[in-house]
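# Close look at the chain arrangement
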Amino acid sequence: MSDKLESWQAFAVDYADGRARFIAHAKAAGAELRSYTHPTHTASDGGALSVEVARLGPAGASRTLLLLSGTHGLEGAAGSAAQLAWLATPAAAALPPDTNVLLVHAINPYGWAYQTRTTENNVDLNRNFVDHDKPYPANEAYDELHPHLIPSAWTEAGQESVKQAIEAYRALHGDDAVFNATASGQYRHAQGLVYGGQQREWSNLTLERILHDHLSQTRKVAFIDWHTGIGEYGEPFFLCFNADGSEEQEQAARWWGRDRVLGQRPHGLARPNYQGLVFRGVEAFLPGREVAGAVVEFGTRGLHMREALRLDQWLRFHAPREPDAARDQQLRADLIDAFVPYSGIWRRAVIRHGIAITDQALQGLAAWN
């Protein structure tokens, strides 16, 4: 098997293509495969929406490298490419002793299939892993901004109105406060940004089932959740959510470098008080196990991604009210390019960094005492 995939071999054109490619590459690598099919939703062409899970190595291994793609729907094209590219390398065929690799492909299949970051219920899956039996975290700053964030029309005038509202809030509270308000998560506005939902999403429940089914014996877990949007163009940006000073955080710093892991400031701003992260779900679903790792982003448009997040919501809720096929086709292409750039330069960088980061985690996991 070749240890190199071209960018056009690793990157799928859509969800159905990505699913087919993942299954083919996982089979070629000798992985055991299992599908978790959505019980109530299908793709627009009637095809199944499912999470594919591939395991390399022994089922009862005590060490697991967990690789997750598609938390944010359409971003899954990049995470999938990183998974496929690594599967084609010699490392996938020569795992360390007592180690397995679990690749979870397109954990939010609806989002990828329908070219949005959110789930079938417009929930940001990466804000859904809170305790839904307790009062939801408040975000009064977002409540204040919400009426102004999504313009009724995607025009220059509409964009200017949004910018004026954000600038007015920034003038009073500062850049970090704006970022925290619009990124940390909110649980009141179902058609808003970073909506964490009012119940556990199917993808949330399915991830718990996957980890229960496949990782009952593991004791140490190296976890990578692939994302896009934060960081320099085509370069990886690490968000480690292990507790400061913990052994798990120290492990992640050893694997990927202290300068990459510690004290990171997304977009040069203070890290938001993120709520309901998938990272927290993995920790909760694997009680008593040591979980070290990070969300790994591949940078695209920097702070301009905030506009792309608003465009995602506008296309979902405002565009259908006054359809315009030519407009919506162009805006959809812009949205996809914001999160998964079509540029071959960017895509080759994702493959190169994705393989290296995965190998570093695997080697670090093997050396973790």
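Right, let's walk through the structure included here. Everything numeric in this text was worked out from a predicted model, so none of it was measured.

This part covers the side chain of Thr 89. Locating Thr 89 in the fold gives a position in the loop between α3 (76-87) and β4 (99-105). Given a relative accessible area of 6%, Thr 89 falls into the buried group. At 2.7 Å, the side chain of Thr 89 and the backbone oxygen of Trp 86 are in polar contact.

Our next topic: empty space enclosed by the protein. Left-over empty space is what a probe sized like a water molecule reveals as it rolls over the atoms. Within the structure shown, the criterion is met by two cavities of 30 Å³ or more. Of the volumes computed, that of the largest cavity is approximately 260 Å³. As for the largest cavity, its lining consists of 24 residues, of which Arg 117, Arg 127, Ile 230, Glu 297 and Arg 306 are closest to the centre. The set of elements that each furnish at least two residues to the lining of the largest cavity consists of α7 (175-183), β5 (220-233), β7 (290-299) and α12 (305-317). In terms of residue count, the dominant contributor to the lining of the largest cavity is β5 (four residues). Tallied by class, the residues present in the lining of the largest cavity amount to 12 nonpolar, six polar and six charged. Around the second largest cavity, the lining residues are Arg 117, Thr 118, Asn 122, Asp 124, Gly 192, Leu 193, Val 194, Leu 309, Asp 312 and Gln 313. For the lining of the second largest cavity, the per-class residue count stands at three nonpolar, four polar and three charged.

Below, the discussion takes up the packing of aromatic side chains. Aromatic rings in a pair are described by how distant their centres are and how their planes are angled relative to each other. Here the structure, examined in full by the defined rule, presents 13 aromatic pairs. Plain terms: the ring middles of Phe 223 and Phe 279 are 5.7 Å apart, the flat faces sit at 45 degrees to each other, and that makes the pair tilted. With a gap of 56 residues between them, Phe 223 in strand β5 and Phe 279 in helix α11 (residues 278-285) connect regions that are remote in the sequence. Classification of Phe 223 by relative accessible area gives buried; the value is 1%. Classification of Phe 279 as buried rests on a relative accessible area of 2%. Pairing Trp 255 with Trp 256 gives two aromatic rings, centres 5.5 Å apart and planes at 90 degrees, and the pair type is edge-to-face. As far as burial versus exposure is concerned, Trp 255 and Trp 256 are alike and both buried.

Ordered in space as β1-β2-β4-β3-β5-β7-β6, the seven strands form an open sheet in which the pairing is mixed. Two strands in the sheet have a free side with no partner beyond their single neighbour: β1 (32-42) and β6 (236-239). Here the strands of the sheet are splayed against their neighbours by 20 degrees on average, with no regard to which way each runs. Each of β2 (48-56), β3 (63-68), β4 and β5 is contacted by α3, which is oriented at about 145 degrees to β4, the strand it contacts most.

This part covers α7. Val 178, Phe 179, Ala 181, Thr 182 and Ala 183 are the residues of α7 that are buried. Positive phi appears at Gly 185, one or two residues downstream of α7, with a value of about 120 degrees.

The subject of this paragraph is the packing of helix α9 (residues 247-256) against helix α14 (residues 344-367). The contact between α9 and α14 brings their axes to 8 Å, and the two run at 125 degrees. Relative to α14, the element α9 lies oblique. Two packed elements cross with a definite hand, and for α9 against α14 that hand is right-handed. Facing α9, whose interface residues are Gln 251, Trp 255 and Trp 256, α14 presents Ile 357, Gln 360, Ala 361, Gly 364 and Leu 365. Along the lines of polarity and charge, the residues of the contact of α9 with α14 split into five nonpolar, three polar and no charged.

Reading the values: rules and limits
- Residues numbered from 1 in each chain as written.
- Predicted model: local features only at pLDDT ≥ 70, side-chain atom pairs only at ≥ 80, totals over all residues.
- Heavy atoms only, no water.
- Helix = DSSP H or I, 4+ residues; strand = E, 2+ residues; numbered from the N terminus.
- Buried < 20%, exposed > 50% of the residue type's maximum accessible area, 1.4 Å probe, protein only.
- Polar contact = N/O pair within 3.5 Å; in protein donor to acceptor, adjacent residues only side chain to side chain.
- 1 Å grid on protein atoms, 1.4 Å probe; cavity = no way out; pocket = protein on both sides within 12 Å on 5 of 7 lines; lining within 4 Å.
- Points joined across faces, edges and corners; volume = space filled by probe spheres on them.
- Nonpolar A, V, L, I, M, F, W, Y, C, P; charged D, E, K, R; others polar.
- Phe/Tyr/Trp six-rings, centres within 6.5 Å; stacked < 30°, edge-to-face > 60°.
- Pairing = 2+ DSSP bridges.
- Axes fitted to C-alpha atoms, helices over the stretch in contact; angles between N-to-C directions.
- Contact = heavy atoms within 4.5 Å.
- Parallel < 35°, antiparallel > 145°, perpendicular 65-115°, else oblique.
- Left-handed = near helix turned anticlockwise from the far one by under 90°.

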